[in-house]
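Descriptive structure summary
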Amino acid sequence: MHRPLQLFALLLLAGAMLPLGACGFRPLYGDNGTTASTVNRLADVDVIAPETVLGRSLKYSLLDSLSSDGNSPTSATYKLTLNPSSYRQDVAIQQDAAVTRANFVLVVPFILTSVADGKTVFKSTARARSSYNRVDSEFANLSAAQDAEKRTAETVAKDIKQQISVFFDRQAAKGDTSVQ
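Residues numbered from 1 in each chain as written. Predicted model: local features only at pLDDT ≥ 70, side-chain atom pairs only at ≥ 80, totals over all residues. Heavy atoms only, no water.

Below, the discussion takes up the pattern of salt bridges. Working definition: two side chains of opposite charge can pair if their charged atoms are close together. Applying the stated criterion across every chain, the model contains three salt bridges. We note a salt bridge from Arg-56 to Glu-51, for which the minimum N-O separation is 3.5 Å. With a closest N to O distance of 3.0 Å, Arg-151 and Asp-147 form a salt bridge. One end of the pair, Arg-151, and the other, Asp-147, are both in helix H4 (residues 138-174), four residues apart, so they sit about a helical turn from each other. (Salt bridge = Lys/Arg side-chain N within 4 Å of Asp/Glu carboxyl O. Helix = DSSP H or I, 4+ residues; strand = E, 2+ residues; numbered from the N terminus.)

Structure representation (structure tokens):
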């Protein structure tokens, strides 16, 4: 008795999913049939960041996610310039003025330029915030703040990669040959 009901439910589910095949969905990082896939374009991006602890953290997080070997490309097609700024916010302040929780906020405007002609092809901003507890130990506070900076830089790097990936994918979908 249950067998026909299960078969009907399976056919109904298959019929409901059939229109989804024609919706135009395609994976962002997959091969889209063009010679310059999103993954290949990401591997051709060199990252320029300030020579600070935060700048280096952003740069190497991005390079790790943009290319398979985590290194700058030898002959980059694009240059990604980062201009990070950060600040801390005290968010939990007790009556005796002791801060028990803080936020680290990172804002990174970035510009993607073509190395061939120096033209800006894409620009945007990535933002992230991480919270951390503050305690009586200064060592613990320093360690928690550094960990929050690292987590925030990794989050921003993922956001920048995603924004650039979507840009490259849209250019490929349009058939734009000016962006290689």
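Okay, the nonpolar core next. If you look at the biggest cluster of nonpolar residues, it comprises 31 residues, and the most contacted ones within it are Leu-80, Leu-82, Leu-112 and Ile-160. No other element matches the nine residues that H4 contributes to this core. Among residues more than four places away in sequence, those in contact with Leu-80 are Val-45, Asp-46, Val-47, Ile-48, Leu-62, Phe-110, Ile-111, Leu-112, Ile-160 and Ile-164. (Core = buried A, V, L, I, M, F, W, Y, C linked by side-chain atoms within 4.5 Å. Buried < 20%, exposed > 50% of the residue type's maximum accessible area, 1.4 Å probe, protein only. Contact = heavy atoms within 4.5 Å.)

Okay, a nonpolar patch on the surface next. On the surface, Leu-7, Leu-10, Leu-11 and Leu-13 cluster together to form a nonpolar patch covering roughly 420 Å² of accessible area. With respect to the helices and strands, Leu-13 occurs in helix H1 (residues 2-17). Accessibility expressed as a relative area gives 49% for Leu-13, which makes it partly exposed. (Patch = residues over 30% accessible without salt bridge, like charges linked within 9 Å, V, L, I, M, F, W, Y side chains within 5 Å. Areas by Shrake-Rupley, 256 points an atom, 1.4 Å probe, with all protein chains shown as cover.)

This part is about the packing of aromatic side chains. The geometry of an aromatic ring pair is captured by the separation of the ring centres together with the interplanar angle, meaning the angle of the planes. Taken as a whole and judged by the stated rule, the model has four aromatic pairs. Consider the rings of Tyr-78 and Phe-168, whose centres lie 5.0 Å apart with planes at 45°: the pair is tilted. Here Phe-168 lies in helix H4 and Tyr-78 lies in strand E2 (residues 78-82), a separation of 90 residues in the sequence. We note that Tyr-78, like Phe-168, is buried. Three or more aromatic residues joined by ring pairs form one cluster here, namely Tyr-78, Phe-110, Phe-122, Phe-167 and Phe-168. (Phe/Tyr/Trp six-rings, centres within 6.5 Å; stacked < 30°, edge-to-face > 60°.)

To continue, consider helix H3 (residues 53-66). Compared with the 20 Å implied by 1.5 Å per residue over 14 residues, the 20 Å span of H3 between its first and last C-alpha is a close match. Of all the residues in H3, the buried ones are Leu-54, Gly-55, Leu-58, Lys-59, Ser-61, Leu-62, Leu-63 and Leu-66. Structurally, H3 contributes buried residues whose contacts are with helix H2 (38-43), strand E1 (45-48), E2, strand E3 (85-93), strand E4 (99-114) and H4. (Expected span 1.5 Å × (residues − 1).)

At a closest axis distance of 9 Å, the pairing of H3 and H4 adopts a crossing angle of 45°. The orientation of H3 relative to H4 falls into the category oblique. The chirality of how H3 crosses H4 is right-handed. For the pair formed by H3 and H4, the contact residues are Leu-54, Ser-57, Leu-58, Ser-61, Leu-62, Ser-65 and Leu-66 on the first element and Glu-149, Ala-153, Glu-154, Val-156, Ala-157, Ile-160 and Lys-161 on the second. (Axes fitted to C-alpha atoms, helices over the stretch in contact; angles between N-to-C directions. Parallel < 35°, antiparallel > 145°, perpendicular 65-115°, else oblique. Left-handed = near helix turned anticlockwise from the far one by under 90°.)

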